[in-house]
Amino acid sequence: MTSSSPSTSPLVSRRAVFGSSSSPSPTHGRNPVSLRLYKVLGAGFEDEPTKEALRTLSELYGATSASGAKTTLVNGKTAKGETQVDSDTDDDDDTEEGASEEAKLSLGPFLSDEVTAPTGAAAHARKNLRRDIDVKLAGSSRKFLSALGQVDQKLDALQAYITTMRAQCDQAHTQLHTTNEACKSLLDQAGNLRQERDTVATQQTILNLFVSRFTLTSEEVIALTSRDVLPGKRFFAAMDKAVKIREDCRVLMSVDGPTKAGVDIIAATSSNLEQAYDKIFRYLTSEFQAIGRGNRDWERSVDPDANLEASPTLKEAVRRLRDRPELLSDALEVLSQTRQSTLLATFLDALTRGGPSGLPRPIELHAHDPLRYIGDMLAWLHQAIAAEREFMESLFELGRDGIGGRMIGSARKFEKGRMGEVEEWIGDMVDKNVGKLSGPLKLRVQQTLRSQESPILAYKVSNLLKFYELTMRRTIGEDAVLSEALREMSDVSDKVFFDAIEAQGRALLRLLLNLDDTALTPPAPIQEHMQMLRDILSVYESSRLDDSGRTEAEESGEDGKSKSPSEFGVERILDVMVDPALEVCLTAAEEKRRSRPSWDQAVFVLNSLTYLQGVLESYAFASTKRESLSAMIEDKVNQLVEEHYHDVLKDTGLDTVIIVLQAKDPGVPLSRLDAAQPHELSVALQKFSSWLSGLEVMHSPRLAQLTVQRLHSKIHQTALARLVKIYQRLCEEVRRPENRYEAASTLLGGQRPFGQIHLLKQIFGLGDEDE
Amino acid sequence: MADYDADATELLETYDFLMKYIIIGEAGTGKSCLLHQFTHNSFKDHSQHTIGVEFSSRTVKLGEKRIKLQLWDTAGQERFRSVTRSYYRGAAGAILVYDITNRQSFQNLSRWLADARALASPNLVVVLVGNKSDREDEREVEWAEASRWAAEHDVHFLETSSLTGDNVEAPFLLCARSILLSIESGSLDPDKAGSGVSYGDRALRRVNSSSRLSFGSLSGRRKKGTVKLRLKDYVPGTANSECC
């Protein structure tokens, strides 16, 4: 700082000079410089602003004194000078502040310097300061003016621009406004339109949904109606949809009442559905024609149960066509036709050709064995029916009572009515399909039956037919063609059988007993006849066990139905078989007796009757016949007892006495009658006594001819008992005084049994208790 | 058990083969019960004597093959012999049943087998079944003896219990397997009527797509012995589980 002070000192001194010189000029009070000066002067020069003002002043004039001429020039050339002064004054302001401190520090020496400054410049300054300042001021002001004028001009121009712009803006604004106004309606319109579009879009969606829900796509329609698309998943799905549409439509219409769209839709779908049903019908018809005919893709030999299986599509088709029963029944008619012919062909094959390479052998090979022949045919039918039924059940998707049934048990209950209907279809079909077989079967069975001579075989066949009739009734129902045919056949076989046994009975009736044959046992023809009855009855017995076994398993209602005819049957058999034999025994014996009196007819008849009874003995079901026989036997026994009694009486020699005794008048004493005279009586009693010692008391040679020992003793005993009774009566009569026998006791007691009844009983081996 | 259920639900579906079986044997050996256990998976209480012939069916699965079995249950009583004899015709398999607690029923087997051989097709597959194996205490016919008899007469042999269901499926499956083997070997032609076997729809479709039948898993196991062993290993397992 000290180093700089010498350089600035001249300046300070000049200012001090300048300041002192300008202080006495109060007239220019408005001049800023002078104002400043005054201020400086008034305040003393030692303060900083004063010093600064002085310095400025000195600078101003320092330059002027160095070139006085120039100063004037400067005044004249305003424009140039002004800018210079301007810059100077600016400089002044700057330096005033910047150097204020320096001035303070070196005030003393500067002031002294000022005093010694050249007086020329100061004087000039004192003289011209005001003017100079004014000139300068005016110059500056002019500069200002011109500058501001320019600015003004520019501003004017700007103003003009702005105005123009304003106008234009206004215009634009107006236009905008107008446009806005115009746009508003457009916007409204647009808004409305948008709304409308939205509504329409919604409607369209709804309509699309409606359409997709209530109409079939063209693909679906094709699936339903085109002949090229076979029924399958697609087809059934389309059908489902059509059905659903109809249902929905109906629901809607039931709420809203019939609408055109609804009616149209229903009409359209119903026509589609009809076509679909027609298509199913055609499909089923062609499938059914193929089924069982064996013409699938290659040649196959026919087998009743070969390929008897319904494909899922087939089942589905059948299930759907159930809604059109008339179509279904037409289609099933076709199936039935093909099945009928197939089954017929296979049946004939089994009859005549047998299995592969002839094994198992053809059924007709056993035609000589009627039972086997007919049994084989019926068994074949039974098996065919089972297969047929299974096929039908699978076709109608009906589970069997078994695993299948269990699996869909609940669904089944639900559709009970429907199931019943299905059962009906199935029953019908099975019936129809196998019905045609009854023709050839009937023919063969009848042929076989007609050629039968043995009643037993006929009976067996008849039973076999009845057995199968029952089986078929359970399988295919009572009204089925085959059941009917079996019934017919069994009737025919019954007739053949009864014809046979009746013929045999008639033949038996024509039988004449051999007059030379002394035997009292039933003759061989009757024995043969009864042997046959025995065979028949054992066949019946086993078939009767069938019935009882069955009735246990079946309901009791069936019981009465199936049992009574068979019992009726056996009664008839017994009648037909036993009656002629009886008749032979009675009438033929009668005739023989006439021509050969010595022949013991009574014993023969009794023997024959007991033989017949013996045959029936082991069959519980023959009780009625047996009872009637027993009654007859009883009758004959009594008859024989009577005869035997008389015979015995004759043998004992008491007969005449007894006859007299029984015939006598109660008033006449017995001893007065010829045959009962004491002598005669004594002879008779003697004869009786000797008879009593004979063998015949215990054993009658005549009765020994009876085959049943029991009857022999029974008859003999009964006769003896009667003898005892009559002897007793004789004794009583003899002892009675009215009969006037002298020594009655002696008369009776002379010979055995001495008039003692108990003794006679002892001899006869009769119990006392008999009395 | 799971297998069984699957079978049951697929009952109505298609099958490859249809085979006819006949169930024969003395009265009271439990033929109907065996069949009932096989078709219904339960024991038939208070079973009556069968009258004549009764029919039932079931579809089984053997390897890849589904086989529908038509089962003809015959009456064992002598008086039905003339009726039941007619059912041998056209049977592919026979299940010959005796009662292990009844020696008489075993001794009469020859007569039954003779009937079967005489009346059925020459390809008839016979499986001998000793039933009532649950009544071990009352056994009168030893396993070894029956097995020897079976070997002598060239039939398969198993013991089952229709009461517990033990081994009940085995005879039917064994029989089916043997029949399939004879089809494969060409001795049995399902296309021929009266063979007791025929193709089902399923097999037909397969045949249509490929001209020749093939039996897949069955090929290469020609020996009866192996088949038998395999089945025995396999079947009791299923049977046991079925009991639970």
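Now for a look at the structure at hand. A quick note: this is a predicted structure, and the numbers were derived from the prediction, not measured.

Conventions and cut-offs
- Residues numbered from 1 in each chain as written.
- Chains lettered and ligands numbered in written order.
- Predicted model: local features only at pLDDT ≥ 70, side-chain atom pairs only at ≥ 80, totals over all residues.
- Heavy atoms only, no water.
- Salt bridge = Lys/Arg side-chain N within 4 Å of Asp/Glu carboxyl O.
- Helix = DSSP H or I, 4+ residues; strand = E, 2+ residues; numbered from the N terminus.
- Phe/Tyr/Trp six-rings, centres within 6.5 Å; stacked < 30°, edge-to-face > 60°.
- Buried < 20%, exposed > 50% of the residue type's maximum accessible area, 1.4 Å probe, protein only.
- Lys NZ or Arg CZ within 6 Å of the ring centre and 35° of its normal.
- Axes fitted to C-alpha atoms, helices over the stretch in contact; angles between N-to-C directions.
- Parallel < 35°, antiparallel > 145°, perpendicular 65-115°, else oblique.
- Contact = heavy atoms within 4.5 Å.
- Nonpolar A, V, L, I, M, F, W, Y, C, P; charged D, E, K, R; others polar.

A separate point is the pattern of salt bridges. Within the structure shown, the criterion is met by 38 salt bridges over all chains. In this structure, Arg 324 of chain A and Glu 274 of chain A form a salt bridge, with 2.7 Å as the shortest nitrogen-oxygen distance. Pair noted here: Arg 324 of chain A is in the loop between α12 (312-321) and α13 (325-352) and Glu 274 of chain A is in helix α11 (residues 260-290), with a separation of 50 residues, a long-range link. Residue Arg 58 of chain B pairs with Glu 169 of chain B through a salt bridge whose shortest N-O separation is 2.9 Å. Remark: Glu 169 of chain B occurs in helix α7 (residues 169-184) and Arg 58 of chain B occurs in strand β2 (residues 53-62); sequence separation between them is 111 residues.

Here we come to the packing of aromatic side chains. Counted under the stated rule, the structure contains 20 aromatic pairs over all chains. Considering the side-chain rings of Phe 467 of chain A and Tyr 468 of chain A, the 5.3 Å spacing of their centres and the 80 degrees angle between planes classify their relative orientation as edge-to-face. Phe 467 of chain A gets classed as buried once you look at its relative accessible area, which sits at 9%. Residue classification places Tyr 468 of chain A among the buried positions, given a relative accessible area of 0%. Residues Phe 38 of chain B and Phe 172 of chain B carry aromatic rings whose centres are separated by 3.8 Å and whose planes lie at 10 degrees to one another, so their mutual orientation is stacked. In this pair, Phe 38 of chain B is assigned in helix α2 (residues 31-40) and Phe 172 of chain B in helix α7, connecting sequence segments 134 residues apart. Relative accessible area serves as the criterion here: at 0%, Phe 172 of chain B is assigned to the buried category. Members of the aromatic cluster, each reached through a chain of ring pairs, are Phe 688, Trp 691, Tyr 727 and Phe 764 of chain A. The ring of Phe 498 of chain A has Arg 572 of chain A sitting right over it, with the charged end atom 3.7 Å from the ring centre. Seen from the ring of Trp 112 of chain B, Arg 81 of chain B lies directly overhead, with NZ or CZ sitting 3.9 Å from the centre.

Bringing unusual backbone geometry into the picture now. Residues and elements named next belong to chain B. One non-glycine residue, Asp 154, lies in the positive phi region at around 60 degrees. For Asp 154, a relative accessible area of 55% corresponds to the exposed category. Notably, Asn 167 is not glycine yet its phi reads approximately 65 degrees, a positive angle.

Time to look at the packing of helix α9 (residues 218-225) of chain A against helix α10 (residues 233-256) of chain A. Residues and elements named next belong to chain A. It is at 8 Å that the axes of α9 and α10 come closest, and there the two elements cross at 110 degrees. Between α9 and α10, the angle is such that the two are roughly perpendicular. Between α9 and α10, the residues in contact are Glu 219, Glu 220, Ile 222, Ala 223 and Leu 224 and Arg 234, Phe 235, Ala 238, Met 239, Lys 241 and Ala 242, respectively. Taken together, the residues of the contact of α9 with α10 sort by class into 7 nonpolar, no polar and 4 charged.

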